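Coordinates in review
If you want the building blocks of each chain, they are given just below.
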Amino acid sequence: MKIKTGFKLMRVGIQNIVVAVEQRAEEFNGMVRLNESGCFLWEQLEKGAQKTELTEALVAEYGIPAESAAADTDAFLNTLWTNGILVE
Amino acid sequence: MNILMAFDSNYCKPAMVTMQSVLCNNPCEIRFYIIYSSLLPTEKERLQEFVAGSGHGTVEFLEVPAELFAELPTLRWISKETYYRLMAQKLLPESVERILWLDADMIVLQNIEEFYHQDMEGMLLVACSYREEGSYEESLRQLTLPADTRYFNAGMLLYDMKAQRNFLPLQVYEDYLKVFGQRLIYGDQDVLNAVFYRCVKFAELEKYNLCTNHLEKVSRKERPELLRNCKILHFNGSIKPWEEKYPFVWGYLFQKYAEMLPEYDEVDFEELKRKHKAARRRYLNYKKKHKEEGKRLEYSFVVKIAGKTIRIVHTYQKVFQISRAYLENRKDAEIDIKIEITKQDIQYEKEQYIKTHNPEESSDIPELKPADYEVAAANRKVAEALAEHGVLLLHGAAISVDDRAYLFVAKSGTGKTTHINLWRELLGEKAVVVNGDKPFVQVGEQVTVYGSPWCGKEGMNTNCAVRLAGICLLERGEENRIRKMEFNEAFPKLMSSVYRSKDAEKAQKIMQMVGMLENKVAFYQLQCTPEPEAAKLAYEAMGEDA
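Residues numbered from 1 in each chain as written. Chains lettered and ligands numbered in written order. Predicted model: local features only at pLDDT ≥ 70, side-chain atom pairs only at ≥ 80, totals over all residues. Heavy atoms only, no water.

Things to note about the sheet that holds strand β11 (residues 299-305) of chain B
All names here are of chain B. The sheet built from 3 strands is open, its strands ordered β11-β12-β13 with mixed pairing. A single partner strand is all that each edge strand has here, and the edge strands are β11 and β13 (337-340). Between one strand axis and the next, the sheet turns through 20° on average, direction left out of account. In the sheet, strand β12 (residues 308-314) pairs with β13 via 4 bridges, with the strands oriented parallel. When the sheet's bridge partners are listed, R311 is paired in β13 with K338. (Pairing = 2+ DSSP bridges. Helix = DSSP H or I, 4+ residues; strand = E, 2+ residues; numbered from the N terminus. Axes fitted to C-alpha atoms, helices over the stretch in contact; angles between N-to-C directions.)

So, in structure tokens, the structure goes:
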């Protein structure tokens, strides 16, 4: 599982959005907003992290229970899958 | 025969050639009426002497103030003086029942008395219509005339002044200028086409207003026949046969009459002919080279948009026509940005259009032409280039009141145009639409919104720069409510109305510019009905803060 080429996280102030650039912009012209932990997960994804690693990273970074970290990861990945941002 | 012309000092010499050609080929009594604002007394004297010298002519001068029409759009080849003919009805004495208008770049090649005295069949005007397709579409659209209207060239006009006095109120010209003033593309020719709509008897173009650019297009074989039949020849186009860079072969027709005038004694016509020949070689080479390389003949013009001087290289007329109010007329203006619209750009816009207008979803998608795609491509390219200069393109409607502008942002179809029209109703002339659809916004120390030619189907735009005081997210509502918003709350909708480049670096830059809007403009959410109260509420609430 990884991020398709052409999707970029962009930040300004407290705003974080994922947009498509270059060729990818031809098929996706929306944007996906991410919160702080979403951005954190995005960065892990970019480093090649998979689902379990993402959950572990969340626990380590924010010190939250593993259960809610897994739920957060699921929600995060779900958003990306529905927007066609991920590829197997 | 009465002949009407309008010119000032700079056109006095060529105009004399036109007059000479009339006098030479028409032995009847000729009375010239000349509308002017700046002829010197010596020039007037000379004109009088020259016409009287023919033994069958007189001249009368009709003066207009120099500042008249100064505000109206002109082109390099459409001068302020041509507007003077709109004053004909006001200035000409009642005794003039019929008069023939001639542009000062025309030559009368034969006797035209029969034409002059023809039965006008109850019409107010005789003129010739252009058949060139496409060139006048935009004029007709701007003038809100039906698309199948026969647009006439105003170089030659035979007026029934008596009928005009009976049927046309003098006010009509002023009214048209007031309404259409800045939207005129072909200057007063547009006004005349609107005023005389359906009151025109059409004459044969080839005989009475044969344009030299038409001659260029027909085959060599046909040309002699056309010239033999032609009574009035029109050196139309931006380069004239008295100029050295004139690249056509019709200079000899001008020369024939010019040589009769002492004014042209100093002109070495042989030398001029050589220069024309050289110009023609360059012109033909240019054409040939383009043909060989499979390139189109391209045109370019310079506009000033969002404070930047932009040269636009294009193929079709439309993009130039819609940009009329933004033309940079200073010849030595430094160019900040150059954009070139290629075939690929046009093709790309077409694909985008098809993609965003799914025929399965809606059945009445307006069909667009290459010229329309070129207009869209120009907008995209200008937006891309301006992003490098700290300028955003936003999808929204910007209106200016009291030196402050407000920008309404919403998805298409929500009612932005309806809402700003309510402002115009409420505030009258105080409210000026900067751009009804896609204003440019410069984000610097302060935020400035600019008009631009790309403005949606209603054509609402004004060439101006106004401080942007507020951005208002507009929604439909059951009742009218407005509230201030934090930037961060407004951000998602704001960001989705911003033109985002496909270039990653540029997209990041654009997003940073959006971020800079925080603390520089106020943000609002307006829920509104399409009732006048909505405008009143929004204007008062936003005006208080600003």
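Description of the environment of K509 of chain B
Residues and elements named next belong to chain B. In this fold, K509 is placed in helix α19 (residues 504-515). Since its relative accessible area comes to 35%, K509 is described here as partly exposed. With 122 residues separating them in the primary sequence, K509 and A387 have C-alpha atoms 7.6 Å apart. Excluding residues within four positions of it along the chain, K509 makes contact with A387 and E388. (Buried < 20%, exposed > 50% of the residue type's maximum accessible area, 1.4 Å probe, protein only. Contact = heavy atoms within 4.5 Å.)

Some thoughts on the interface of chain B and chain A
In this complex, chain B contributes 17 residues to the contact, which on the side of chain A involves 15 residues. Carbon and sulfur atoms supply 59% of the area buried between chain B and chain A, which totals about 1500 Å² over both sides. Considering only the side of chain B, the residues that lose the most area to chain A are R500, K502 and M511 of chain B, jointly responsible for 38% of the buried surface there. Where chain B packs against chain A, one counts 2 salt bridges. One salt bridge in this structure joins E26 of chain A and K355 of chain B, with 3.4 Å as the shortest N-O distance. Where chain B packs against chain A, one counts 10 residue pairs in polar contact (both at pLDDT 80 or more). (Buried area = accessible area lost by both parts, 1.4 Å probe. Salt bridge = Lys/Arg side-chain N within 4 Å of Asp/Glu carboxyl O. Polar contact = N/O pair within 3.5 Å; in protein donor to acceptor, adjacent residues only side chain to side chain.)

A short note on the sheet that holds strand β1 (residues 2-6) of chain B
Each strand in a sheet pairs with its neighbour through backbone hydrogen bonds, running either in the same direction (parallel) or in the opposite one (antiparallel). Residues and elements named next belong to chain B. The 7 strands are arranged β3-β2-β1-β4-β7-β6-β8 in an open sheet whose pairing can be described as mixed. Of all strands in the sheet, those bounded by a partner on one side alone are β3 (57-63) and β8 (200-203). Between one strand axis and the next, the sheet turns by 25° as a mean value, whatever way the strands run. Bridging between strand β6 (residues 125-129) and β8 involves 4 bridges; their strand directions are parallel. Looking at β8, one finds that V126 is bridged to K201. Contacting β1, β2 (30-36) and β4 (98-102), helix α1 (residues 12-25) runs over the sheet at an angle of about 165° to β2.

Let's talk about unusual backbone geometry
Residues and elements named next belong to chain B. At R198, a position not held by glycine, the phi torsion is positive, near 70°. As for its position among the elements, R198 is in the loop between α8 (188-195) and β8. A positive phi angle, close to 70°, is found at N519, a residue other than glycine. Position of N519 relative to the elements: it lies in the loop between α19 and β22 (522-528). On the accessibility criterion, N519 (76% relative accessible area) is exposed.

Examining the packing of aromatic side chains
Residues and elements named next belong to chain B. Taken as a whole and assessed by the stated rule, the structure comprises 19 aromatic pairs over all chains. On the numbers, 5.9 Å between centres and 85° between planes, the contact of Y36 with F61 is edge-to-face. Separated by 25 residues along the polypeptide, Y36 in strand β2 and F61 in strand β3 bring together distant segments of the chain. F61 carries the same exposure label as Y36, and that label is buried. (Phe/Tyr/Trp six-rings, centres within 6.5 Å; stacked < 30°, edge-to-face > 60°.)

A few points about helix α11 (residues 222-229) of chain B
All names here are of chain B. Every buried residue belonging to α11 is among R223, L226 and L227, and all of these are buried. On an axial view of α11, the arc spanned by its buried residues comes to 95°, and they lie on one face. Along its buried surface, α11 packs onto α9 (205-208), β9 (210-211), α10 (212-217), β10 (232-234) and α12 (251-258). (Arc of directions from axis to C-beta.)

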